[in-house]
Amino acid sequence: MIWQLFVSVVILYGLVLRWQARHRIKFAKLYKNDIKAAPILGHSVHFIKCKNNTDRWKVLEKFGREAVKQGGTTIGWNLHRLYFIVADPVVAECVMKHCLDKDDSMKLTLALIGNGSSVADVPIWRPRRKILVSTFSQKNLLAFTDIFAKNSDIMVQQLQKVAGTGSISISEYIMAYAMDSVRETSLGLNANSQLNPNQDLIKAFAGSCTLIADRIMKPWLHFEPLYKLTAHHAKYMEYVDTVLGYIMEMIQAKRKELAEKKFIKKNDEDKERIKSFLELMIESSGGDKGYTDKELLEEIMVIFTAGTDTSTLASSFASMLLARHPDVQEKVYQECKDVFGDSNLPVTAEELSRLKYMGAVIKETLRLYPPGPILLRKVDNDVVLPSGDTLPKGTGIFVSIFAANRNPRYWGDDADQFRPERFIDTQLKHPAAFLSFSYGPRNCLGYRYAMLSMKSVLSNIVRRFRILPVSQLELGKPLDINYDIMLRSADDYKVVLESRM
Ligand code: HEM
């Protein structure tokens, strides 16, 4: 009797879910996907078979490529949840304009970022985005170039110590540079972790990001009440408390400093001082009447999380690609010689703006290896697609930046080849054809910051070192990649540096 009751409840629940999903089921029938789906599990069956993140990435890549094969879009079922998979710029432009809410999986970062603008729901995000935009002004960014120049000089001094000693993992050095630059531009603190690497904040920040990525890839850790019982959660909270405690102290100190300065007349030195994101956010949000300490903490965490790993990965991938394409590296080197001559002075914003070919190398790197290869959003209201079909509320959006950036319809038959000239010779076929920094009202705010920072790093490396592959067999070959919510090198970013001096 109990058994029959249980079966009846399960069947009834299934019917309710199906009735709720009726518009999505109708929509799904309009799209073809040649990748087989299993009953109940849907396409998520392909993830169950994966042994590690490399296997998971292969499945995700396959879905993106399937969308391209089917004309730019396809669908995928994750249990009863429907995802609309997009690898076409025209459709991407539409969904990224109209679907601004992030997928629920982003909520797994809650303890670290809270309601920070990169993950917040639209009503919280919209006013915060306005404040953030004003802090990324051209004037502020150009002032940050001095910080990038100083820190990238320290980075090459560290690299000089290991040049000529065999293969090194270049991302370790670039990550230390990025942490110092982000910390200095966001908090105004010159912490110099490149010279003192064993700092609690650095370890705790890196540890918390690793644990978030690990959790996102393990669906059994997604259910919050159960997750809270695990050792994983305990370790994560230990890291989070260290990071947030440190930044909160900095916020309170800055508030105190600003309150004391209010009554002192500004002198010339004060006017020329570089203002950090923290100070700019306090001012732009309305000073004492603006952001609370908690809101400031959340927005600083956005800059930390959005700004460190992304540009570290891009500069590290670019270094590996330069090692595998010596002809491209030679052109970058010649351009650096034209712009900097024999100067060993810190780079300036004006000089960085003249590095056009290097700009193309960075974009081509980001096109082929976008640090965030997948973008997940959700549909809160029905959206009419360019095809005239209605994308129903409740559907998930999976934009495969990786596949769209390699879509041959927009990039030609050599779309998988590393060819920086394509960013110099030709115009984009569609404004959303290059999606690495996303597109639309919720795109990346750090684009210009990242370009200045990456040019500073790469110009300093290329001027001082010849970057070589670990083996001659790697020459001209694409990179082997891995995934843990970010695209990573499967070869630990290994290169060999040879001093040019
Ligand atoms: C190569 C480097 C970078 C890449 C490839 C990149 C890419 C992205 C992507 C794909 C998004 C998601 C946008 C969306 O959901 O549509 C994003 C958001 C964001 N990025 Fe970046 N990013 C980079 C560097 C940076 C840096 C250095 C900063 C800050 C210093 C930054 C700040 C932000 C912020 C604030 C957002 C949230 C925007 C919003 O939700 O309104 N990014 N970025």
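Since the structure is predicted, the reported quantities are computational estimates derived from the model, not experimental observations.

With that settled, the discussion passes to the coordination of the iron atom of the ligand. Among protein atoms, the single one acting as a donor to the iron atom of the ligand is C444 (SG), 2.3 Å away. Residue position: C444 is located in the loop between α22 (422-425) and α23 (447-464).

For the rest of this paragraph, the subject is the packing of helix α19 (residues 356-368) against α23. In the contact formed by α19 and α23, the axes pass within 10 Å of each other and the chain directions differ by 110°. When the axis of α19 is compared with that of α23, the two are roughly perpendicular. The way α19 lies across α23 gives a crossing that is right-handed. Taking contact as the criterion, the partners of M358, G359, I362, K363 and L366 in α19 are, on α23, Y447, M451, M454, K455, L458 and S459. Looking at the contact of α19 with α23 residue by residue, the classes come out as seven nonpolar, two polar and two charged.

With that settled, the discussion passes to the confidence of the model for the chain. Predicted coordinates in regions of low pLDDT should not be interpreted in detail. Overall, the prediction assigns the chain a mean pLDDT of 91, with 98% of residues at 70 or greater. Scored by ipTM, the complex comes to 0.99, with pTM at 0.93.

This part is about the site of the ligand. Close contacts around the ligand come from 29 residues, with K102, R129, R377, S438 and C444 the closest. A distance of 2.7 Å is found between an oxygen atom of the ligand and a side-chain nitrogen or oxygen belonging to K102. Within the contact set of the ligand, an oxygen atom lies 2.7 Å away from a side-chain nitrogen or oxygen of R129. Among the elements of the structure, α7 (122-135), α15 (293-307), α16 (309-324), β4 (374-378) and α23 are those that each provide at least two residues to the shell around the ligand. Residue contributions to the shell around the ligand peak at four residues, all from α15. For the shell around the ligand, the per-class residue count stands at 16 nonpolar, nine polar and four charged.

As enumerated under the stated definition, the model contains 18 aromatic pairs in all. With centroids separated by 5.2 Å and ring planes inclined at 40°, the aromatic side chains of W57 and Y483 adopt a geometry described as tilted. Taken together, the residues span a long stretch of sequence, with W57 in helix α4 (residues 53-69) and Y483 in strand β9 (residues 481-483) at a distance of 426 residues. Residue classification places W57 among the buried residues on the basis of a relative accessible area of 3%. Looking at Y483, the relative accessible area reads 9%, which means it is buried. Every member of this aromatic cluster is reached through a ring pair, and the members are F136, F144, F148, F277 and Y449. Cation over ring: R367 sits above W411, and NZ or CZ is 5.0 Å from the ring centre. For the cation-ring pair, R463 lies above F340, with the distance from its terminal atom to the ring centre recorded as 4.0 Å.

Grouped burial of nonpolar side chains is what soluble globular proteins tend to show. I247, F304, I461 and L497 are the most contacted members of the largest nonpolar core, which totals 120 residues. Excluding residues within four positions of it along the chain, I461 makes contact with M155, V156, L159, I170, I174, S319 and I467. A28, V379, A432 and Y439 belong to the second largest nonpolar core, which has 28 residues in total.

Once that is clear, we can look at the sheet that holds strand β3 (residues 167-169). Sheet architecture is open: three strands sit in the order β3-β11-β8, paired in antiparallel fashion. What marks the edges here is a single partner per strand, and that holds for β3 and β8 (465-468). Averaged over all neighbouring strand pairs, the angle between strand axes comes to 45°, with direction disregarded. Note: β8 against strand β11 (residues 494-499), four bridges, orientation antiparallel. The residue of β11 that forms the bridge with F465 is S499. Contacts from α23 reach β8 and β11, with the element oriented near 95° to β8.

Criteria and cut-off values
Residues numbered from 1 in each chain as written. Predicted model: local features only at pLDDT ≥ 70, side-chain atom pairs only at ≥ 80, totals over all residues. Heavy atoms only, no water. Donors = N, O, S within 2.8 Å, 3.2 Å for Na, K, Ca; no water. Helix = DSSP H or I, 4+ residues; strand = E, 2+ residues; numbered from the N terminus. Axes fitted to C-alpha atoms, helices over the stretch in contact; angles between N-to-C directions. Parallel < 35°, antiparallel > 145°, perpendicular 65-115°, else oblique. Left-handed = near helix turned anticlockwise from the far one by under 90°. Contact = heavy atoms within 4.5 Å. Nonpolar A, V, L, I, M, F, W, Y, C, P; charged D, E, K, R; others polar. pLDDT = per-residue confidence, 0-100. Near = heavy atom within 4 Å. Polar contact = N/O pair within 3.5 Å; in protein donor to acceptor, adjacent residues only side chain to side chain. Phe/Tyr/Trp six-rings, centres within 6.5 Å; stacked < 30°, edge-to-face > 60°. Buried < 20%, exposed > 50% of the residue type's maximum accessible area, 1.4 Å probe, protein only. Lys NZ or Arg CZ within 6 Å of the ring centre and 35° of its normal. Core = buried A, V, L, I, M, F, W, Y, C linked by side-chain atoms within 4.5 Å. Pairing = 2+ DSSP bridges.

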